[in-house]
Number of protein chains: 2
Amino acid sequence: MAPLPGWKVGLVSARTADSARDIPEATVARLPVYLRALTTLVDNGTATCSSEELAAAAGVNSAKLRKDLSYLGSYGTRGVGYDVDYLRYQIAREIGVTQDWPVVIVGIGNLGHALANFSGFRSRGFRVVALLDADPDRRGERVAGIDVRDFADLEPIVREHGVAIGVIATPASAAQDVADQMVEAGIRSILNFAPIVISVPDGVDVRKVDLSIELQILAYHEQRKQSEATA
Amino acid sequence: MAPLPGWKVGLVSARTADSARDIPEATVARLPVYLRALTTLVDNGTATCSSEELAAAAGVNSAKLRKDLSYLGSYGTRGVGYDVDYLRYQIAREIGVTQDWPVVIVGIGNLGHALANFSGFRSRGFRVVALLDADPDRRGERVAGIDVRDFADLEPIVREHGVAIGVIATPASAAQDVADQMVEAGIRSILNFAPIVISVPDGVDVRKVDLSIELQILAYHEQRKQSEATA
DNA sequence: AGGACTTTGTGAACGGGAGAACAAACTGAG
DNA sequence: CTCAGTTTGTTCTCCCGTTCACAAAGTCCT
Ligand SMILES: NC(=O)c1ccc[n+]([C@@H]2O[C@H](COP(=O)([O-])OP(=O)(O)OC[C@H]3O[C@@H](n4cnc5c(N)ncnc54)[C@H](O)[C@@H]3O)[C@@H](O)[C@H]2O)c1
Ligand SMILES: NC(=O)c1ccc[n+]([C@@H]2O[C@H](COP(=O)([O-])OP(=O)(O)OC[C@H]3O[C@@H](n4cnc5c(N)ncnc54)[C@H](O)[C@@H]3O)[C@@H](O)[C@H]2O)c1
């Protein structure tokens with residue numbers, strides 16, 4: 001009955017029980033990067049790695065990595081490093097991708113097709129359960145083995161599969177309406193590819209991906225580099 | 001010769017000359033969002049807007065918006081607001097999208113096709129000048145009116161068009177190699193869609209877009225919402 | 001067993017960004 | 001011209017996130 005180990009285990013299991021109180025948002029955003037790096041290491045047959053190695057694979061500072069991991073618990077061994085497979089499981093559990101999340105994609109145009117065909121969904125904790133489009137001409141089309149269905153069927157599909165996450169790949173003009181109906185149907189997490197700010201009630205999370213914004217940020221820095229080179 | 005107007009113009013042109021010294025990175029990342037919102041307002045025929053209105057359209061706090069804009073100069077009028085078209089031009093100039101940037105896309109698979117067909121490039125300051133793929137079967141294929149060419153042609157294309165920005169849409173296994181060759185060819189800004197951290201020399205900017213990471217961040221919050229609901 | 005060595009986990013200092021609050025500056029009515 | 005009303009630009013404070021630096025905790029060799 002050594003006091004320290006007992007206390008430590010108690011603390012760890014306490015954290016596990018109420019699933020880690022408050023993880024900073026910046027850390028949450030990096031956990032998937034660590035998970036990806038660890039999966040690569042597992043595939044390479046690496047059994048153990050140091051914070052330095054993992055940090056390099058994830059493209060971050062090793063001190064930041066260690067601090068991030070410390071929010072989850074003490075999963076490393078001092079003098080040794082981390083058990084790759086064990087740590088990978090712990091992070092996957094923390095993120096919540098030990099089981100697959102059902103996802104619907106709305107707007108099966110250029111981008112929607114690419115998303116539907118994207119094989120990385122399944123391996124990373126997600127399962128596309130429906131493809132929806134408002135255009136009747138899209139109906140009946142099969143994309144990646146899934147029938148494109150009427151957007152009006154959203155609500156029963158969400159109910160049937162317990163869908164919590166929706167992806168918007170419609171034109172910007174339709175995005176707010178699609179989001180409203182997703183919320184109405186019970187979806188509380190939305191990934192929006194349309195270049196517009198959509199507003200949702202409290203309790204609903206929206207993340208956006210905007211290609212043009214990323215390019216424009218690059219353009220800004222590129223412009224500065226070029227004007228410096230001229231000067 | 002009123003002293004105040006003269007002084008103000010002097011200050012603005014001074015800032016314009018050395019192109020706004022140091023704009024915080026967080027602000028740079030929001031300028032494209034403001035630009036997008038302003039373009040929408042212009043399309044709606046709005047001539048003037050307050051920081052409150054623009055902030056709402058951009059999904060940010062109005063104090064933050066005003067502070068961001070203050071880094072560019074004093075483009076508003078107290079008691080009135082901002083001239084939408086004028087401010088839009090100033091932000092576009094600051095970002096560097098008053099002319100089009102030539103862009104190459106490498107990896108014309110599912111995602112590459114969608115990107116090539118994306119019409120928003122042109123209107124937002126970018127022009128796709130080449131589509132490249134290593135697969136000989138892709139050669140000769142025409143996507144969005146552009147011939148898919150051999151990845152080996154990268155260097156002459158970059159030189160001919162003065163390409164500064166490259167987009168990687170290949171599998172992760174090829175991404176580092178593609179990035180190396182882009183840098184070799186003279187590209188100094190890269191947008192990476194492959195789920196891997198790529199390393200580049202100093203002076204080269206990389207931004208990444210990773211769908212799985214975004215979904216996993218949503219999954220984390222969704223998991224917490226659901227476990228809270230249960231408790 | 002003991003001591004040198006390695007690596008984690010964390011306390012503390014630091015820097016940057018977010019937001020509240022207000023003075024300065026402009027408009028327009030009387 | 002003056003004054004009330006409006007909205008910007010900026011200062012100030014607080015908080016979050018990053019990074020340094022080191023004690024604690026383990027391994028491994030002798
Ligand atoms: N294609 C890209 O690479 C790319 C890149 C960045 C951003 N985007 C954005 O992603 C979105 C989709 O782009 P795209 O190129 O696939 O456009 P698209 O026009 O090819 O496809 C849009 C699809 O949405 C469907 N749709 C329209 N209104 C709908 C509604 N109310 N409900 C359900 N479905 C509806 C249309 O029928 C169409 O099939 C756009 O907002 C675009 O700006 C696309
Ligand atoms: N499809 C999506 O919606 C989606 C979403 C998120 C991320 N991604 C990522 O984007 C990347 C592309 O996805 P995809 O679905 O289009 O894959 P894909 O397999 O359909 O296309 C990849 C293309 O890259 C080409 N390629 C391979 N090696 C190359 C090389 N060395 N040089 C030039 N070209 C090369 C292939 O010939 C192929 O045409 C992947 O890394 C994927 O993980 C895709």
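Residues numbered from 1 in each chain as written. Chains lettered and ligands numbered in written order. Predicted model: local features only at pLDDT ≥ 70, side-chain atom pairs only at ≥ 80, totals over all residues. Heavy atoms only, no water.

Quick look at the protein's contact with DNA strand C now. Around DNA strand C sit 27 residues in total, of which Ser-51 and Tyr-82 of chain A together with Lys-64, Lys-67 and Arg-78 of chain B are the nearest. For DNA strand C, the backbone makes up 67% of the atoms found within 4 Å of the protein, where backbone means sugar plus phosphate. In the environment of DNA strand C, a phosphate oxygen lies 2.5 Å from a nitrogen or oxygen atom belonging to the backbone of Ser-51 of chain A. Here a phosphate oxygen of DNA strand C and a backbone polar atom of Tyr-75 of chain A are 3.4 Å apart. Elements represented by at least two residues in the surface near DNA strand C include exactly helix H4 (62–70), strand S2 (76–77) and strand S3 (81–83) of chain A together with helix H2 (25–43) and helix H4 (62–70) of chain B. (Near = heavy atom within 4 Å. Polar contact = N/O pair within 3.5 Å; in protein donor to acceptor, adjacent residues only side chain to side chain. Helix = DSSP H or I, 4+ residues; strand = E, 2+ residues; numbered from the N terminus.)

So, about the site of ligand 1. Close to ligand 1 lie 24 residues; Asn-110, Leu-111, Asp-133, Ala-169 and Thr-170 of chain A are nearest. Mapping the residues adjacent to ligand 1 onto the chains of the assembly identifies chains A and B. Between ligand 1 and Asn-110 of chain A, the relevant distance is 3.0 Å, taken from an oxygen atom to a main-chain nitrogen or oxygen of the residue. Residue Ala-114 of chain B places a main-chain N or O atom 3.1 Å away from an oxygen atom belonging to ligand 1. Residue contributions to the shell around ligand 1 peak at three residues, all from helix H9 (residues 172–185) of chain A.

All names here are of chain A. Positive phi, normally seen in glycine, also occurs at Ala-144, with a value near 55°. Relative to the elements of secondary structure, Ala-144 occurs in the loop between strand S6 (142–143) and strand S7 (146–150). On the basis of relative accessible area, Ala-144 is assigned to the partly exposed category, the value being 43%. (Buried < 20%, exposed > 50% of the residue type's maximum accessible area, 1.4 Å probe, protein only.)

Let us look at the domain arrangement of chain A. By domain assignment, chain A separates into domain 1 (9–95) and domain 2 (101–213). Between the C-alpha centres of domain 1 of chain A and domain 2 of chain A the distance comes to 30 Å. (Domains from an automatic or database assignment.)

Remark: a regular strand shows side chains that alternate across the two faces of the sheet. Residue and element names in this part refer to chain B. Of all eight residues in strand S5 (residues 126–133), seven are buried, a share of seventy percent or more. Bridge count for strand S4 (residues 101–106) against S5 is six bridges, and the pairing is parallel. Within the sheet, the bridge partner assigned to Ile-105 lies in S5 and is Leu-131. In the sheet, S5 pairs with strand S7 (residues 146–150) via three bridges, with the strands oriented parallel. When the sheet's bridge partners are listed, Asp-133 is paired in S7 with Asp-150. (Pairing = 2+ DSSP bridges.)

This next bit is on the sheet that holds strand S10 (residues 205–208) of chain B. The strand order across the open sheet formed by seven strands is S6-S7-S5-S4-S8-S9-S10 (chain B), and the pairing between neighbours is mixed. Each end of this open sheet is capped by a strand with a single partner; those strands are strand S6 (142–143) and S10 of chain B. Across the sheet, helix H10 (residues 211–230) of chain A lies against S4, S5, strand S8 (165–168), strand S9 (189–192) and S10 of chain B, angled at about 165° from S9 of chain B, the strand it touches most. (Contact = heavy atoms within 4.5 Å. Axes fitted to C-alpha atoms, helices over the stretch in contact; angles between N-to-C directions.)

A few words now on the relation of the copies chain A and chain B. Each copy superposes on the other: chain A lies on chain B with an RMSD of 0.1 Å after a rotation of 180° and an axial shift of 0.0 Å. Such a turn and shift between the copies fits a two-fold axis. Taking C-alpha positions as the reference, the residue of chain A nearest the rotation axis is Ala-114 of chain A, at 3.3 Å. Taken as a fraction of all interface residues of chain A, those also at the interface in chain B reach 98%, which identifies the copy contact as same-surface. (Least-squares fit on C-alpha atoms with pLDDT ≥ 70 in both.)

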